[in-house]
Amino acid sequence: MSLPDLVIHPLVVRTAHVVSVEDLGGRIRRVRLEGDELGAFVREGISHPAFSAPGFDDHIKLIFAGDGDIESAMPRQHVDGIEWTPAEHRITRDYTPHSVDPDSGAFSLDFVLHGDGPAVSWAQGAAPGSPLSFVGPKSSQVLPDEATSIVLIGDETALPAIHRFLTERPLTVPAHVVLMTAGTAAPPELPIGERDSLRLQRMPEPDGDAIAALFDEVSSAETLGDTPFVWAAAEARALLPLRRRLAGRVAKSHRSITGYWHHDHTQEDGETAPELPGPPVAWFAVRAALQTGFLDALRPGPRSTGEVASALGVRDALDPLASVLATAGLLVRTDTGRWELTDLAVDLVDDPHERDEYTGTQADQVLALRHLADSLRDGPPAWQVDTGSSFAEAARTDPEVAHHLEHESESLVFLQHGLRRVLQGLGGQDTGGQDIVVVGPGADLVTRLARGAVDGVRTGAPDAPDELVDVVVSAMLLSHLDDTSARKHLRELAGTATRALVIDSSVPDGLSRSAAERALLRFVTTGRDARSRDAVGELARSAGWTAGTRHALGWGVVADELVRDATDTARR
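Rules of the game
Residues numbered from 1 in each chain as written. Predicted model: local features only at pLDDT ≥ 70, side-chain atom pairs only at ≥ 80, totals over all residues. Heavy atoms only, no water. Helix = DSSP H or I, 4+ residues; strand = E, 2+ residues; numbered from the N terminus. Rg over C-alpha atoms; globule rule 2.2 N^0.38 Å. Buried < 20%, exposed > 50% of the residue type's maximum accessible area, 1.4 Å probe, protein only. Contact = heavy atoms within 4.5 Å. Lys, Arg positive; Asp, Glu negative; His and termini not counted. Charge placed at Lys NZ, Arg CZ, Asp CG, Glu CD. Arc of directions from axis to C-beta. Polar contact = N/O pair within 3.5 Å; in protein donor to acceptor, adjacent residues only side chain to side chain. Axes fitted to C-alpha atoms, helices over the stretch in contact; angles between N-to-C directions. Parallel < 35°, antiparallel > 145°, perpendicular 65-115°, else oblique. Nonpolar A, V, L, I, M, F, W, Y, C, P; charged D, E, K, R; others polar. Phe/Tyr/Trp six-rings, centres within 6.5 Å; stacked < 30°, edge-to-face > 60°. Lys NZ or Arg CZ within 6 Å of the ring centre and 35° of its normal. Salt bridge = Lys/Arg side-chain N within 4 Å of Asp/Glu carboxyl O.

Asker: Which residues make up the overall build of the chain, and what are the values?
Answerer: Looking only at helices and strands, the chain features 21 helices and 25 strands. The C-alpha radius of gyration of the chain comes to 26 Å, within 12% of the 25 Å expected for a compact globule of 572 residues. Viewed in the frame of its principal axes, the chain has a C-alpha envelope of about 80 × 70 × 50 Å. Looking at the chain residue by residue over its 572 residues, the buried ones come to 48%. For the chain, contacts bridging at least 24 residues in sequence account for 69% of all contacts bridging at least 6. Of the side-chain charges in the chain, 53 are positive and 85 negative, and the distance between the mean point of each set is 3 Å.

Asker: Got a sec to walk through helix 11 (residues 352-359)? Specific residues and values, please.
Answerer: Residues R355, D356 and Y358 constitute the buried set of helix 11. Viewed along the axis of helix 11, the buried residues span an arc of 165 degrees, placing them on a single side of the element. Contacts made by the buried residues of helix 11 are with helix 6 (281-292), helix 7 (294-297), helix 10 (343-350), helix 12 (361-368) and helix 16 (399-408). For helix 11, the N-terminal cap is D351; the gap from its side-chain oxygen to the backbone nitrogen of H353 is 2.9 Å.

Asker: Quick one: what's the story with the packing of helix 12 against helix 16, residue by residue and with numbers?
Answerer: Where helix 12 contacts helix 16, the axes come no closer than 9 Å and their chain directions differ by 100 degrees. Relative to helix 16, the element helix 12 is oriented roughly perpendicular. Residues T361, Q362, D364 and Q365 of helix 12 form the contact with helix 16, whose own contacting residues are E400, V401 and H404. Broken down by class, the residue content of the contact of helix 12 with helix 16 amounts to one nonpolar, four polar and two charged.

Asker: An account of the packing of aromatic side chains is requested, with residue identities and associated values reported.
Answerer: Under the criterion given, the structure shown has 12 aromatic pairs. Seen from their ring centres, F56 and F165 are 5.2 Å apart, and the 70 degrees between their planes marks the pair as edge-to-face. Here F165 lies in helix 3 (residues 159-168) and F56 lies in the loop between strand 5 (46-48) and strand 6 (60-65), a separation of 109 residues in the sequence. Assigned by exposure class, F56 and F165 land together as buried. An angle of 85 degrees between the planes, with centres 5.5 Å apart, marks the rings of F107 and F134 as edge-to-face. Here F107, found in strand 10 (residues 107-112), pairs with F134, found in strand 11 (residues 131-135); they are 27 residues apart in sequence, far enough to count as distant. By the burial criterion, F107 is buried, and F134 matches it. Among the aromatic residues, those joined into a ring-pair cluster are F56, F165, W231 and Y260. Sitting over the face of the ring of F414, K138 holds its NZ or CZ atom 4.4 Å from the ring centroid.

Asker: Explain the pattern of salt bridges to me, using residue names and the numbers behind them.
Answerer: Under the definition given, this model contains 22 salt bridges. The salt bridge involving E393 is made with R396; its shortest N-O contact spans 2.6 Å. Residue E393 and its partner R396 are both found in helix 15 (residues 391-397); the two are separated by three residues, about one turn of the helix. Looking at R396, the relative accessible area reads 53%, which means it is exposed. One salt bridge in this structure joins R550 and D560, with 2.8 Å as the shortest N-O distance. Residue R550 is found in strand 24 (residues 545-554), and its partner D560 is found in strand 25 (residues 557-564); the two are separated by 10 residues along the sequence. You can call D560 buried: its relative accessible area is 8%. One connected set of salt bridges, linked through shared partners, spans D483, R528, D529 and R531.

See the structure below:
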């Protein structure tokens, strides 16, 4: 994640009201929203900034309630962020605001009236005075100044972003638009300039190969220059071939490909009978295919299993594995009987973070689940049973585990406003001229985020072994440690400074569908569930600290202030 590429906004829960509704061509309904909470406002004693969405493809998260109880679906508001508390009937949808009034914050949303999802149902019944609650945007992308042109590819759901780019022109370069529409009605007119081009493609169903071919047409027919920027938004799976096409032709910094919706999105509100999970055969098949190099061997092109086995030096018995991978959507058989990677497989092979789910630290956590029953019977953490050492030891000695924790800490970038505020006001004092040392997986990121806002922040240990710094910050480590290791870590902090700030994830994010699974994997490594505030306080006291103010930063992340107990002598 590159910090200069994003502008981060404080997350605020807002409610606006409809002032007008207009039906446009191509099944599109435009809703205009205004309200006091779009300007700077105060609610429950907390001051919030005015609504801001400077990026042409910014998105906000609309909040709905399947049972009609919108209050229970709303996230909890903090000073600098929000908390997605668990809510059984909460439904959210992402939409792009456009025609944003810089003075009042009023904006418009365009809804494509297809299916019967919650956003479409709301838009169909929207009338002047109808309320709509939302959060965001959380960030805005900064386009590269050196781009020589921009290619905008999208379906009807991408029209607001494309129209906004063409209207506001954040880049003064030629824009080449490829618009796919399922209906027969003409889409709204776009402000195409003299140096721009427009291709309109009728596409009843999303077709990934056709979308990728459309980019080829543009790149061959138009002068894109040396460094074009490619932006695309449409049905998620249909964009996979385009991702593959661009991988070797356009730098990551010059492309933004976003799945705005899923083909089965309109089905998710229906009720289906629950099913027990089956054996994770496919997961182990993908893991083996990555570990042996099977999928990588197919990256250059189709091969038979015999050819792959010979190239890799493995047994010529890959057909059952290939068949399972084909069922999982990763392989297809060509007319000549060879196996070929699908676009989904190419994404997996080329993305190190995706691979980590099958071969890295996260995969090791999954494998440790086989000892979960023993851990629940008051045994040691399942990770320790599986590997022979604690997860804390692995975090200190295994570079792969350390890198995994650093990657998990990257979400702190979206909490930077709260982090800076807490660091600036630490202990009710001005941090100017103080020596603040940051340790833990998120140390580098916290130091970068604080730069320019807080003086004296650095990563690492004190300059001398016996030197005490003013404040030591532990960033995103405590929740990964069992109680014994956590107590040791806090005692080490007590030997570094008289004040500490412990930044950590306290509760799973209630918006994520995988939060429960992540919480279980955390139990696998620590042998305990998430620590409550009282549990952190008790742990701190046992290590020579007194717990002070807790700052809620949002998304389950908190920052606990600690003051070293003056009577504690354990640090020496």
